[in-house]
Structures are given as structure tokens and as C-alpha cells.
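Analysis of the macromolecular model
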Amino acid sequence: MVSQGRSSKRDLRKSNTTVPCRLCSMGYSTSLSSMLLLLLPVLLLLLSFLSSRVTAMPEPVSTLKMERIHRHLEKINKPAVKSIQSPDGDMIDCVLRNKQPALDHPLLKDHKIQRRPSQMPSFKGERKQQNYTSNVGRRAWQAWHHVGPCPKGTVPIRRSSVQDVLRAKSLFHYGKKEVNTVPLAARSVEKPDVVSGNGHEHAIAYTGSRQEVYGAKATINVWDPSVDSENEFSLSQVWILSGSFDGSDLNSIEAGWQVSPELYGDSRPRLFTYWTSDAYQATGCYNLLCEGFIQTDRQIAIGAAISPVSAYNGDQYDITILIWKDPTLGNWWLSFGDNRLVGYWPAELFTHLSNHATMVEWGGEVVNMQPNGAHTSTQMGSGHFAGDNFRKASYFRNLEIVDADNSLTAVQNIATLAENTNCYNIQSYKSSEWGTYFYYGGPGRNAMCP
């Protein structure tokens, strides 16, 4: 009996060991292989997705780089008397007027802040009374005013963050335009060059060459154009220019509105300024991101979002920009809206502009990085061509220049230029209400602009 029990146990062990072979003979091996083959594409897709997520993650920032960024931010983010959280996410710091970044410039070591210009430019002749219920836009302002303004004796400065700096190509490039971004008409004074550099495209109006100009003014329609990628931008501005247009000593003062995801981290239109005294090589910057522009006003934050903005076939909003040279001290002042004095670029910053400007440009500019080999779909102005006119196309109106006796005069003769009118274009006109004006802009990539 014992031997039979042992024999039966051995037989059971033998039968257990043969089970897999029976399963194989029944076709389970084939089914498993088929299942694996069916799952393989899914597994490959999953691996591809995980791989893309890993490669999309930002590279870790070295400790040394972070230390440099924090030192730079400490330099431009001055201690605040009060900080204001804007509804659009910006942090506005109210900094004592005599502690602002501009005064760190070596050329401004002994500079005494000019509280007001010695004289505002006055218009020669009569302007027709503006009728804000007809073909004229309403005034745009800034979103943070719902919480502001800053206390007396301080100036509002948009706070820069680590993420703002990291979006730039490098710490040196933060807050700066690319080298060789000389304005379009300025590249050849007698015959403007129609070939844009560095992927920059324009639709501009400009004054005649080599005349003495002491300032310029325009009212600019405000929109929120779509920008295709983070390293592109769309802007509408005034350029005040002097110096060698094909050398390294071009002086430029600029102001207007821009949409720049790289600089600001969003797609809101923002008031901006810029200056350079060496053709964008080393000097100058946007807004208050380096030493230079001296702010005097406590209600306008340069770099802050403009609100509200225009709507297609709806309400229109605009801002007025005036830049002029103070006839007594030679500083170049900026006025926003209805003669709101924002501040000035000290005369010490410039070489050629310490005397006068020789050209003024008004208009739009975009960066075309040609994504996937095609023209960018970044919009200029409203994103519609000039021929669509009011409430659809963006405009500059009441173009004026300041002459040697500090008088504003309507621009009589302007030239217009755009590199590729299938992508962005411009058309100028005259009227009793808008003076010299133009519509401009476009959608970028379209059937005629591949």
C-alpha cells in the first residue's frame, strides 16, 4: 500500500509538470504571442509619449546661473515702499523715485532728476474737436489701476521674476532686442531696404531723410494680436532715430505697445519703451530693465498691460504717445495719453540724439521665425489687412512731429513701406479729423503668404 501511495504521488508530480506542455499543444503559446504583437504598438506609443514628456522638461539650472540671475534681479528689483498685485497677475512695486534703476547708470551718477519738462510742445494751427462717438477710439489705460496707484514720491515698476529671465536666450539678452534689428527705413536712407534682417518684418510710415526732428506724436490703436511662438513678438510703436544707419552708432528712442510672450510670459498688449545708443549692440533695454530711462510718474507702469483692447467690428481703444526733446535741458520726454508725463531719457545717454533726430518711423513690426519652414501666423496690429479699415484694421492717426521751436505740426509727407504685402501691408490717408493717418497689419501666413 505504501509503495502504491508513493507511486501515485510521483504520478501526480509528473502530471503537474506536463501541464504547460499541454497548454502549449492547445495553442495558448500562439495566443500569447498574438496578444503581445497587438500590445506592441500601444507600448511603443506609450514609450514615445513618456520620452517626449521627459525631453520637454526644462533643463536644470545650475547653481551658478541661478546666483547670477538673483544678483541681477536684486539690481533691477529695487526695495518697494508698497507692492500692488495687479488683476492680470503682475506685481507692481512702488519704488522711491530717487532709488529707481536708472540712477545706477555710471553716466547718471550726479544726475538731478528733472521733475517736469521746461516746456510742452504746442500745436501749430487748430485741431478739429475729437468726436468720441464716431470714428475715434476710446482711451485705453492699465489694468493695475483698479488696485493702484503708487504713493507720492514713488514710481511703479513691474517686478521681474526668475522665470522672466529664464525665458530669455541668456542673462545678457534679457530685456534687449537682437543685434542688427535696425529699423526698416533706416537701413538705407535714400531707398529703404525691402529685405528684412533677423526675421523682422514691418509695415511702417516714415519721414524724409536727414531732416532735423525734435520729437514725434501719434495715437495708436490697441489690439491683442496672436503670436505664433514664445520667441516671436508683435508690436506697434514710434521710432525716433539719429546716427549712422549702417554702422554701430545708431541712436534710437522707441515707445508703443507690444505682445511678447518671451519678455512678459503672456500674450497681453503692454506699454513699452526702448533705447539704444550703439545700434542695439550693448547699450539700452526695454522698459526699466536696465539703467537709463528715468520715471517720474506714479500712475503709469512701463511694461504693464494695457486694458481694455479693441474688438473686431466693435469698440476701439487707443493710446497716444508723444516723445520730444526738452528745449532747455535736452532730455527726451515721454508723454502717455492726454499729456500724462511718464518720464524721460537723459541727454547723457546719447551721442547723436543729444542734438536732434533725423528720422521718425511709425508702424508695426513682427518677428517671423518661419516655424516648420512656413511663414509665421503671428499677427500684426489687428491681424487684418489695411484695406479692411476702421473697426477691423489697426490704425495710427494724427501723426505729428516736433520742430526746432518746440512746436507740433501735422506730418504732410510720409512714405510707407512693407517687405511683403501679402503678409502685412499699410495704406496712408489724410482727413480733417485724423490728420495724416494710416491703417496697417495683417494675418501673417495665409494663402498668399505661405
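First things first, this report covers the structure right here in the doc. If you're wondering where the values come from, they're calculated on a predicted model, not measured in any experiment. (Residues numbered from 1 in each chain as written. Predicted model: local features only at pLDDT ≥ 70, side-chain atom pairs only at ≥ 80, totals over all residues. Heavy atoms only, no water.)

**Description of the state of the cysteines**
As enumerated under the stated definition, the model contains three disulfides in all. Here Cys94 connects covalently by a disulfide to Cys150, the sulfurs 2.0 Å from one another. A torsion of -80° about the S-S bond marks the disulfide between Cys94 and Cys150 as left-handed. Placement of Cys94 in strand β2 (residues 91–96) and of Cys150 in the loop between β5 (141–142) and β6 (154–158) is noted, with a sequence separation of 56 residues between them. Here the two residues Cys94 and Cys150 agree in accessibility, since each one is buried. (Disulfide = S-S within 2.5 Å. Helix = DSSP H or I, 4+ residues; strand = E, 2+ residues; numbered from the N terminus. Buried < 20%, exposed > 50% of the residue type's maximum accessible area, 1.4 Å probe, protein only.)

**With respect to the sheet that holds strand β10 (residues 251–259)**
Taken together, six strands build an open sheet; the order of strands is β11-β10-β9-β17-β7-β20 and the sheet is antiparallel. Of all the strands in the sheet, just β11 (270–276) and β20 (415–418) have a single pairing partner and so form its edges. Here the average twist between neighbouring strands, direction ignored, is 20°. Judged from the seven bridges that link them, strand β7 (residues 200–206) and strand β17 (residues 359–367) form a sheet pairing that is antiparallel. Looking at the pairing, His202 lines up with Glu365 of β17. (Pairing = 2+ DSSP bridges. Axes fitted to C-alpha atoms, helices over the stretch in contact; angles between N-to-C directions.)

**What to know about the pattern of salt bridges**
Proximity of charged atoms lets side chains of opposite charge pair with each other. Under the counting rule described, the total for this entry stands at 16 salt bridges. A salt bridge links Asp405 to Lys124, with the nearest nitrogen and oxygen atoms 3.7 Å apart. Taken together, the residues Asp405 in the loop between β18 (394–402) and β19 (407–410) and Lys124 in the loop between β3 (122–123) and β4 (138–139) connect sequence positions 281 residues apart. Here Arg340 ties to Asp297 by a salt bridge, and the two come within 2.8 Å at their closest N and O atoms. Here Arg340 is found in strand β16 (residues 340–345), whereas its partner Asp297 is found in the loop between β12 (294–295) and β13 (306–307), with 43 residues between them in sequence. For Arg340, a relative accessible area of 28% translates into the label partly exposed. Counted as one network, the salt bridges with shared partners bring together Asp90, Arg158, Asp164, Arg167, Asp266, Arg268 and Arg270. (Salt bridge = Lys/Arg side-chain N within 4 Å of Asp/Glu carboxyl O.)

**Quick word on the environment of Arg397**
Looking at the element boundaries, Arg397 is found in strand β18. Overall, Arg397 belongs to the buried group, its relative accessible area being 2%. For the pair Arg397 and Asp318, spaced 79 residues apart in sequence, the C-alpha separation works out to 9.7 Å. A distance of 2.7 Å separates the side chain of Arg397 from the side chain of Asn398, its partner in a polar contact. (Polar contact = N/O pair within 3.5 Å; in protein donor to acceptor, adjacent residues only side chain to side chain.)

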